[in-house]
Amino acid sequence: MTEPTVVAGAVIASDKSTRKPPPPEKASDVRRRTWVILSFWFIVLCLLPIWWRTTTIYRANLPLDEMLEWADGKACRPVFPLRISIQADALQEQEAQNLLRLTQHALDDLNDFSGHHLRLQLSPPSTVEHQSRDRDDDTALIIRLVPGEFTSSTLDPYAPILDITYPPNTIPSPTSSSSSLAAYVASQLRTTFAEEQAIISYLLSTNSMPTEHRPQGLTPEAAESLSKRTTRSLKYAPTYHLTFSLFTSGPLPSSWDIEAAIDSYMRPVLDVLSPIHNFTIDTQVQLYASPGVQSQILNKEDLSSFVNAAEWPLSPSIGGAPTINFILFVGNQTIGSTAPSSDNPDDATNITTTSSWLLPQWGTVYLLSLPPSSPHVSLATLKQPLLTFTSHLLSLTGTPQSGSLPLRLSTLARIRSADLLLRASSTLGSLARLSLALPSIAIPGSVADGVQKTMAHLRLACETLGGAEGLAHARIAEAEAERAFFEKSMVGQLYFPDEHKIAVYLPLLGPMAVPLAMGLLNIVKEWTKRRREKKERGVEKKNV
Amino acid sequence: MRRFLSFIFVSLLSSCFIQSTTASADYHEQLVLRPLPLSALLASFNFRSNTTLSAFEAHNFRFFPRSLGQILQHAGTRELHLRFSLGRWDAESWGARPWDGAREGGTGVELWAWLEAETDDEADHKWLTLTNALSGLFCASLNFIDGTRTTRPVMSFQPEGDHPNSTVTNMHLLYGVLPHEVVCTENLTPFLKLLPCKGKAGIASLLDGHKLFDASWQSMAIDVRPVCPADGGECVLEIEQTIDMVLDIERSKRPRGNPIPRPLPGHELHCNSSKPYHAGDTCFPVDSIAHQDWSLSQLFGKTIKGTCPLTDPNTPPVCLQVPDSRAVSISEGAVEKKNGDRVSRCFDIPPEADFELALPRPEAPTSPPAQGESEDGIQLLIEEEVLVKPETPLLYAERSFTGHGQERGGVQTILRNPSPDTAVEFIYMESLPWFMRIYLHTMAARVEGQASHDNPSLIHEVYYRPAVDRARGTQLEVRMRVPPASTVFLTYDFEKSILRYTEYPPDANRGFDVAAAVITILAPGSGSESSESDGAGAGAGAGAGAGAGAGAGGGQQRRFAAAAYSLRTTSLLCSLPTPDFSMPYNVIIFTSTAIALCFGGMFNILVRRFVAADEGPKVGLGPALTKLGARLRPAFERLVRRKGRRGVDGVGGEKDL
């Protein structure tokens, strides 16, 4: 081991023998060189933060934890307190209170889903009907108890009122702990709200809600039919654009009484829906429109390709509102008898009839066969198509199918607010995950702003869930969340990867960095050498 | 030309009259065929549909296309004009333009519209909406009409429709042009979709992308305007769709399966027998009347499939403009009606049957040569017999670049007035891209043959809105006059600016298209009216300058009567200095090298110690190699020694066995 070093040392020694050693350096020169190198490094170190500040991507602070909490459903437990008032004018205050208590007990026993809570209250006996209508906002349903021959119940088709008649002997005595009338009222209430409960619990279960809030009693079949219904309905929008189109395969007919038909058959429903949605309407007539399927009898597979998207001018409306298309096709094609699917009777009766079918999230096609040379479609002919369109419109907007119309609409408002709430929360979660997953993405201040607004409105919506205010807040929250998520300037920086930065910086900074680093290295070397020499000198001195 | 127009006018007027009696006639269509010299055929398709304003506002669309109606409502558009054009109208041989030039645009896409808006900003915003929506509807790059390509013409355009006085004050005219756009089949398909009968019936069944875009010149136009009947009836919104195309008959007649041109056999050539060398084996072809035999199915590849049932039954769907003496064969069931002006006839078509129209080859009259007339006389006679002589246009215009080099250039427009006794007054409008910076002081007009100094009587008024780099283009409107039977040169110089790296299009070396100049010839009546306000007008034009343009525009709205004739020059191709596009990388490398040299040198001078040549350590490869050798040798020797030892061990092991 020692031998080769000796050899090398000899070589170097022989080499050096021809050269003179350099004269000893002045201490001031050494010091000056050190200062030069250090000042260069000082400048570099001073500039580093500036460079860092100017080239870094702006990322606004997002409340990531809170956002994820919302997405996981931990921030808000959606509860729909439904107030139901009982009008029992024929009963004594005491009796009525007792009946109320018993019914509430029975309801609480039946209910397995804490998010959907029915709370009963007694309305003062003097309440006149128009007053109760004024208070529609906070009472979901009014039960009118009327003495009668036997126990029966009817839903008022025009107002949220459930009429229950009872034989006088079924009034519970103040001491009894159970009553058949109370049980009957409770079960009636439950069936009335069963669909709403199912839909809301389905919505919660499809989102990432923690399991303890989830209802248990959702059978797979029910879940499947609910999922079909939710995929069919359009995404919530404050305004929908309805387009009525008359397509004919030949030159006739070329005119129709659509305006009058809409006014007489569809306008009432649109007016009822107006608190939740606005509608704009346009109509058109298109001749020589050949359908996408030419066969005489349409099978189930043909229905989806019947609409000739390439040739029919069904461009969605401009402006933000989504378009619902209602197509009246005049031709001699018919739907084959096998077309309605037999596996789902619900589908067969509601969605596909012998002349019309619903295209999920898009609209409806109605086949109308007319005598060949009729130039005009009359109001009477339009009645059946328009009624079909109206029922499909309700299904496209996601209105529940059972119950009276006012109940269905108030249910729709609650379902929509739950839906919007969950959607906004999940958008927040996606945004949070995105910003965690892409560290190089820019987050402008407007996004943080949008997130703040979303969360503020979500909180308000969560507090006022079930009412009109809740829907409004949920609507704003959803819009803000979408705007924050689809912020344009976030995308731009994504396509400037780190490799490009290296390609620019390396040729520029490499030639500077090497001499600087070598200079620093030399200083360090000299410094250590000097220290060692000093030490050795000190040891020698000691030895001496 | 005037004949053509008066004929159309009469037919439209008659149909308008009939419309007032029969309520259902809200749709008209008509095809006018006019053979042109040099084996060309002008086919003018015209479709007009009406909707009442009340139905339009209630969103009930029947003949008016819903897709377009929605856009117009959304963007607050009161009047819209959209043009898709291709090719060049050869005025020298084809004469005046169809529709007096009112239904054509420059090469590419041209759009102008009157928008209802309170402020200029609002108008800009609506314009943006309109261009974006139309871009989607017509599959054209109309969304590229941004601020740099948008101008607000002051004198050139007048609204065609009847607008109530309350809206006129709030109407803003915006004009955008895309000269680079290639018009193609994907623009025709949405155009046909707007028609009530699509391309399935009526004259529209002739339209086919293969033939339309193979034409020598074609222009598709869409015009939407409100029309109020004179008798005070309800106002209607009228959409007029026009397609004009000049087919090269010889080219169109080539079979689709075998499109290679082949020489005609000798006996089918039309020869000019007046040439001295005319003989059995030499021929100077007479182009002007050659190939004047054709049929619809030869030219368009198909026949007309009946009539559109919605069309007004009193408007004849097909008209042909040839002298009455020519025989025309039509398919059975159709009825020929001569119009009485000796040069046009119309045809009524049975609603269900296909319609075919054929012109046989014109027969040269046999009697005149027998009488010993001069050869030229026969030639003239034949041409008169075969074709309706095209009308002379009011003005010929051509525009070209002058100058050389990459820095400066000039534009020269040659305007020729063919009329022997009437002067032509017109407005010449250019909307130039911002990277052409024009020098307005170099603008000059001179009459050919006169001294080259500026002639003050030619240019009456100049409206100039200078460009702003990257924000808006130059707008130049010149009201000028060309004396009878003379040629005027309008010239100006410009400077080419240098673009930024990212502003070059992918095919930068091709050059940049400069939009066609729009020449609007004023009706003779309005010329005298406006000439008295010349001095004031010029002052106002200069003063209006940049800022007050829009306000002045409102005041000038009705200063000129409707245009008598309008024409477009061809578009130009301006080549700008094109950089080498690897530039940024070269710059990076160059900068790095420079920094390495400067910084490295300076730093070394500051830091190194200078000693005599024999005092320092030896430099060069030699010592470095020896040093390396000295470093490596011990390791190498160690390796060798270890190997040797192992070999000995191994042998020993074997011996043990």
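Residues numbered from 1 in each chain as written. Chains lettered and ligands numbered in written order. Predicted model: local features only at pLDDT ≥ 70, side-chain atom pairs only at ≥ 80, totals over all residues. Heavy atoms only, no water.

Draft legend 1. Layout of the overall build of chain A. Assigned secondary structure in chain A consists of 16 helices and 14 strands. By residue count, 43% of the 544 residues in chain A fall in the buried class. Within chain A, residue pairs in contact and separated by at least 24 positions form 75% of the contacts whose partners lie at least 6 positions apart. Here chain A displays about 28,400 Å² of accessible surface, and carbon together with sulfur accounts for 59% of that area. (Helix = DSSP H or I, 4+ residues; strand = E, 2+ residues; numbered from the N terminus. Buried < 20%, exposed > 50% of the residue type's maximum accessible area, 1.4 Å probe, protein only. Contact = heavy atoms within 4.5 Å. Areas by Shrake-Rupley, 256 points an atom, 1.4 Å probe, with all protein chains shown as cover.)

Draft legend 2. Main features of the overall build of chain B. Assigned secondary structure in chain B consists of 17 helices and 28 strands. Expressed as a percentage of the 657 residues in chain B, the buried residues total 49%. Look at the contacts in chain B between residues 6 or more apart in sequence, and 77% of them connect residues 24 or more apart. Carbon and sulfur atoms form 57% of the exposed surface of chain B, whose accessible area is close to 30,300 Å².

Draft legend 3. Helix 5 (residues 120-138) of chain B, seen in detail. All names here are of chain B. With 19 residues, helix 5 extends 26 Å from end C-alpha to end C-alpha; this agrees with the ideal 27 Å at 1.5 Å per step. Taken together, the buried positions of helix 5 are A123, K126, W127, L130, T131, A133, L134, S135, L137 and F138. Just beyond helix 5, the residue with positive phi is C139, at close to 50°. (Expected span 1.5 Å × (residues − 1).)

Draft legend 4. Looking closely at the UniProt feature "transmembrane region" (unreviewed entry) in chain B. Under the present numbering, the feature "transmembrane region" (unreviewed entry) in UniProt falls on residues 583-607 of chain B. Secondary structure content for residues 583-607 of chain B is 100% helix and 0% strand, while the C-alpha to C-alpha distance between its ends is 35 Å. (UniProt positions renumbered as here; feature names shortened; annotations may be inferred.)

Draft legend 5. Spatial organisation of the pattern of salt bridges. Residues and elements named next belong to chain B. Scanning the model with the defined rule gives 40 salt bridges over all chains in all. Between D146 and R149 there is a salt bridge whose closest N-O contact spans 3.9 Å. What makes D146 partly exposed here is its relative accessible area of 36%. Overlapping salt bridges bring together R48, R83, R103, E160, D223, R225, E238 and E240 as one network. (Salt bridge = Lys/Arg side-chain N within 4 Å of Asp/Glu carboxyl O.)

Draft legend 6. Main features of helix 8 (residues 258-273) of chain A. Of all the bends in helix 8 of chain A, the greatest, near 60°, is centred on A:M266, and the proline A:P268 appears no more than four residues after it. Within helix 8 of chain A, burial applies to A:I258, A:A261, A:I262, A:Y265, A:M266, A:V269, A:L270 and A:L273. (Bend = angle between axes of the 7 residues up to and from the residue.)

Draft legend 7. Broad picture of the interface of chain B and chain A. Each partner contributes residues to the interface: chain B has 43 residues there, and chain A has 47 residues. Carbon and sulfur atoms supply 59% of the area buried between chain B and chain A, which totals about 4,100 Å² over both sides. It is B:R66, B:F603 and B:R609 in chain B that bury the most area against chain A; as a group they hold 17% of the surface buried on that side. Taken together, the links from chain B to chain A amount to 2 salt bridges. In this structure, B:K200 and A:E311 form a salt bridge, with 3.7 Å as the shortest nitrogen-oxygen distance. Put simply, chain B and chain A have 12 residue pairs in polar contact (both at pLDDT 80 or more) between them. Looking at the side of chain B that touches chain A, the elements with two or more residues in it are strand 3 (60-61), helix 3 (66-74), helix 16 (583-607) and helix 17 (621-656) of chain B. (Buried area = accessible area lost by both parts, 1.4 Å probe. Polar contact = N/O pair within 3.5 Å; in protein donor to acceptor, adjacent residues only side chain to side chain.)

Draft legend 8. Focus on the sheet that holds strand 18 (residues 396-402) of chain B. Residues and elements named next belong to chain B. With antiparallel pairing, 4 strands are arranged side by side in an open sheet as 18-19-24-21. Edge positions in the open sheet fall to strand 18 and strand 21 (436-447), since each of these has one partner strand only. On average, adjacent strands in this sheet sit at an angle of 15° to one another, irrespective of strand direction. By the bridge criterion, 8 bridges tie strand 21 to strand 24 (residues 486-496) in an arrangement that is antiparallel. Counterpart to R446 in the pairing with strand 24 is F489. (Pairing = 2+ DSSP bridges. Axes fitted to C-alpha atoms, helices over the stretch in contact; angles between N-to-C directions.)

Draft legend 9. The arrangement of the packing of aromatic side chains in detail. The full count for this structure, using the stated rule, is 31 aromatic pairs over all chains. Ring centres 5.0 Å apart and planes at 80° place the aromatic pair A:F40 and B:F603 in the edge-to-face group. Linking A:F40 in helix 2 (residues 27-55) with B:F603 in helix 16, this pair reaches from one chain into another. Pair check on accessibility: A:F40 and B:F603 agree, each one buried. Measuring from centroid to centroid gives 6.2 Å for A:F306 and A:W312, while their planes differ by 80°, and the two rings are edge-to-face. Comparing A:F306 with A:W312 shows no difference in burial state: the two are buried. By the ring-pair criterion, three or more aromatic residues cluster together here, those being A:F247, A:F306, A:W312, A:F329 and A:W357. Across the ring face of B:F489, the terminal group of B:R446 is positioned such that the distance to the ring centre comes to 4.6 Å. (Phe/Tyr/Trp six-rings, centres within 6.5 Å; stacked < 30°, edge-to-face > 60°. Lys NZ or Arg CZ within 6 Å of the ring centre and 35° of its normal.)

Draft legend 10. Highlighting the state of the cysteines. Residues and elements named next belong to chain B. Applying the stated rule across the entire model yields 3 disulfides over all chains. Through a disulfide, C197 is tied to C308; the S-S separation comes to 1.8 Å. Classification of the bridge connecting C197 and C308 rests on its S-S torsion, roughly 65°, and on that basis the disulfide is right-handed. Highlighted residues: C197 in the loop between helix 7 (185-193) and helix 8 (209-212) and C308 in the loop between strand 11 (304-305) and strand 12 (318-320), separated in sequence by 111 residues. (Disulfide = S-S within 2.5 Å.)

Draft legend 11. Looking closely at the sheet that holds strand 13 (residues 329-330) of chain B. Residue and element names in this part refer to chain B. Here 3 strands make up an open sheet; going across it, the order is 10-17-13 and the pairing antiparallel. The sheet terminates laterally at strand 10 (294-295) and strand 13, the two strands that pair on one side only. Where strand 10 lies against strand 17 (residues 357-359), 2 bridges are found, and the strand directions are antiparallel. If you follow W294 over to strand 17, its bridge partner there is L359.

Draft legend 12. Structural view of the confidence of the model for chain A. When the pLDDT values of chain A are averaged, the result is 77; 83% of them are 70 or greater. This stretch, residues 1-16 of chain A, has a pLDDT under 50; its non-local contacts, to residues over four places away or in other chains, come to 6 contacts. (pLDDT = per-residue confidence, 0-100.)

Draft legend 13. Structural detail: a nonpolar patch on the surface. Taken together, the side chains of A:F42, A:I43, A:L47 and A:I50 define a hydrophobic patch exposed on the protein surface, amounting to about 420 Å² of accessible area. The exposure class of A:I43 is partly exposed, given its relative accessible area of 46%. (Patch = residues over 30% accessible without salt bridge, like charges linked within 9 Å, V, L, I, M, F, W, Y side chains within 5 Å.)

Draft legend 14. Spatial organisation of the UniProt feature "transmembrane region" (unreviewed entry) in chain A. Following the UniProt record, one finds the feature "transmembrane region" (unreviewed entry) at residues 35-52 and 502-524 of chain A. Annotated as 100% helix and 0% strand, the span residues 35-52 of chain A places its first and last C-alpha atoms 26 Å apart.

Draft legend 15. A look at the confidence of the model for chain B. Residues and elements named next belong to chain B. Across chain B, the average pLDDT comes to 80, with 83% of residues at 70 or higher. Per-residue pLDDT stays below 50 along residues 366-381; that stretch engages in 12 contacts with residues further than four places along the chain or on separate chains. Here the predicted complex carries an ipTM of 0.72, next to a pTM of 0.75.

Draft legend 16. Focus on the nonpolar core. Ranked by internal contacts, the top residues of the largest apolar core, which has 152 residues, are A:F244, A:L386, B:F45, B:L68, B:V318 and B:L357. It is helix 12 (residues 405-437) of chain A that provides the largest number of residues to this core, a total of 12 residues. (Core = buried A, V, L, I, M, F, W, Y, C linked by side-chain atoms within 4.5 Å.)

Draft legend 17. Quick peek at a positive patch on the surface. Residues and elements named next belong to chain A. On the surface, R530, R531, K534, K535, R537 and K541 cluster together to form a positively charged patch. Here R537 lies in helix 16 (residues 498-543). Residue class for R537 comes out partly exposed when judged on its relative accessible area of 48%. (Lys, Arg positive; Asp, Glu negative; His and termini not counted. Charge placed at Lys NZ, Arg CZ, Asp CG, Glu CD.)

Draft legend 18. Focus on the packing of helix 16 of chain A against helix 16 of chain B. Relative to each other, helix 16 of chain A and helix 16 of chain B sit at 10°, their axes nearing to 9 Å. By the angle between their directions, the pair helix 16 of chain A and helix 16 of chain B is classed as roughly parallel. Contacts from A:V504, A:P507, A:L508, A:P511, A:M512, A:P515 and A:L516 in helix 16 of chain A reach B:I588, B:T591, B:S592, B:I595, B:A596, B:F599 and B:F603 in helix 16 of chain B. Among the residues making up the contact of helix 16 of chain A with helix 16 of chain B, the classes are represented as 12 nonpolar, 2 polar and no charged. (Parallel < 35°, antiparallel > 145°, perpendicular 65-115°, else oblique. Nonpolar A, V, L, I, M, F, W, Y, C, P; charged D, E, K, R; others polar.)

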